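Structural features, examined
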Amino acid sequence: TNGEYDWLPVAALSYPWLTKDHPDPRGANLSRVARALKALLTNIPRLGVFWDFGSLHQHPDPANGVMRTEEQNALFKQGLGCLGTLYSHQHTTVLRLTSFPAGHNSSCFSPLLAWITGTNVAEYFDRGWCFTEQCLAGLTKTCDRSLDLGKMRAGVEYDCRSLTLDCIQAGGRRPPLLPSAFAAELETKSFTNGKDDKPLVKRLYEA
């Protein structure tokens, strides 16, 4: 814990990648997350943020065959192994970006256009990684440590308290799932790389 308070100055972002190779090609999600972080920082002096794209080594240019080095790949896998603790720890804060930015949804992309552009329009709640992160966040946290940023209202100037109140509306924290129930529901979710990722998230949750 941090002094007399039961919190750690660490936030982990849970969100759907917008394309296969880049999570936020136009910076729309970055703008929304920055708005939330600005509000949180009205009440705390500092906050470290885990954002997978910037915090873990990514393939530099997979479309052209430029992939992670062996050393980077080892660090990437090591980082993946820590995600269970990062999202489930009772004193970290999970920021769940459950909605898409304006203009990014299935009504804006035909299946052919989505395939050509590499756009992913699967909803947050239908994705395997997002489902896993949400379930991990629901294991031990109080509701104010798992914030649904999809509930932020446009045009509102938030501080920490008002952001929290908006982002915990209607709950959003499910009862913890047994590993068997988690595994069964996981079968209904989508992965970009299901062959590798599905066994990995099952292990993370069981741990």
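Throughout what follows, the structure given in this document is the object of discussion. (Residues numbered from 1 in each chain as written. Predicted model: local features only at pLDDT ≥ 70, side-chain atom pairs only at ≥ 80, totals over all residues. Heavy atoms only, no water.)

Side note on the pattern of salt bridges
Side chains bearing opposite charge may pair, as long as their charged atoms lie close to each other. Put simply, the test is: Any carboxyl oxygen of Asp or Glu that lies within 4 Å of a side-chain nitrogen of Lys or Arg is treated as forming a salt bridge with it. Each helix corresponds to a stretch of at least 4 residues labelled H or I by DSSP, and each strand to a stretch of at least 2 residues labelled E; elements are numbered beginning at the N terminus. For each residue, the accessible area found with a 1.4 Å probe, counting protein chains only, is set against the maximum for its type, and the residue is called buried under 20%, exposed over 50%, and partly exposed in between.
The full count for this structure, using the stated rule, is six salt bridges. In this structure, R153 and D166 form a salt bridge, with 2.6 Å as the shortest nitrogen-oxygen distance. On the criterion of sequence distance, the pair formed by R153 in the loop between β4 (146-148) and α7 (160-167) and D166 in helix α7 is long-range, its members being 13 residues apart. Take R153: its relative accessible area is 46%, and that puts it in the partly exposed class. Given a relative accessible area of 8%, D166 falls into the buried group. Put simply, K202 and E187 hold a salt bridge, and the shortest N to O gap is 3.3 Å. Of the two residues, K202 sits in helix α9 (residues 194-206) while E187 sits in the loop between α8 (179-186) and α9, which places them 15 residues apart along the sequence. Looking at K202, the relative accessible area reads 25%, which means it is partly exposed. Through salt bridges with shared partners, a single ionic network connects E187, K198 and K202.

Details of empty space enclosed by the protein
Empty space among the atoms becomes visible once a probe the size of a water molecule is rolled across them. For the record, the criterion: Of the grid points, spaced at 1 Å and generated over the protein atoms alone, those admitting a 1.4 Å probe that cannot get out make up cavities, while open sets with protein on both sides within 12 Å along at least five of seven lines make up pockets; any residue with an atom within 4 Å of a point is treated as lining. Grid points are joined across faces, edges and corners, and a volume is the space filled by probe spheres set on the points.
Overall, the coordinates contain two cavities of 30 Å³ or more when judged by the stated rule. In this structure, the largest cavity occupies an estimated 110 Å³ of space. Taken together, 13 residues make up the lining of the largest cavity; nearest its centre are Q134, C135, G138, R173 and R174. The element best represented in the lining of the largest cavity is helix α6 (residues 128-137), accounting for three residues.

A closer look at helix α3 (residues 70-80)
Let me state the cut-off plainly: Directions drawn from the helix axis to the C-beta atoms are what define this arc.
Turning to α3, its buried residues are F76, G79 and L80. End-on view of α3: buried residues confined to an arc of 100°, all on one side of the axis. Along α3, exposed side chains directed more than 90 degrees from the buried face belong to E70, E71, K77 and Q78.

A few points about the side chain of T92
In plain terms, the rule: In protein, a polar contact means a hydrogen-donor-capable atom and an acceptor-capable atom, both N or O and within 3.5 Å, with residues adjacent in sequence counting only if both atoms are side-chain atoms; elsewhere, any N or O pair within 3.5 Å suffices. Whether two residues touch is decided by their heavy atoms; if any such pair falls within 4.5 Å, the residues are in contact.
In this structure, T92 sits in the loop between α4 (83-88) and β3 (93-96). One polar contact links the side chain of T92 to the main-chain carbonyl oxygen of H89, over a distance of 3.2 Å. Polar side-chain contacts of T92 include one of 2.7 Å to the side chain of K141. Not counting chain neighbours up to four residues away, the residues in contact with T92 comprise L8, V10, L86, Y87, K141 and R145.

So, to be careful, I would describe these as geometric facts and stop short of saying anything about function.
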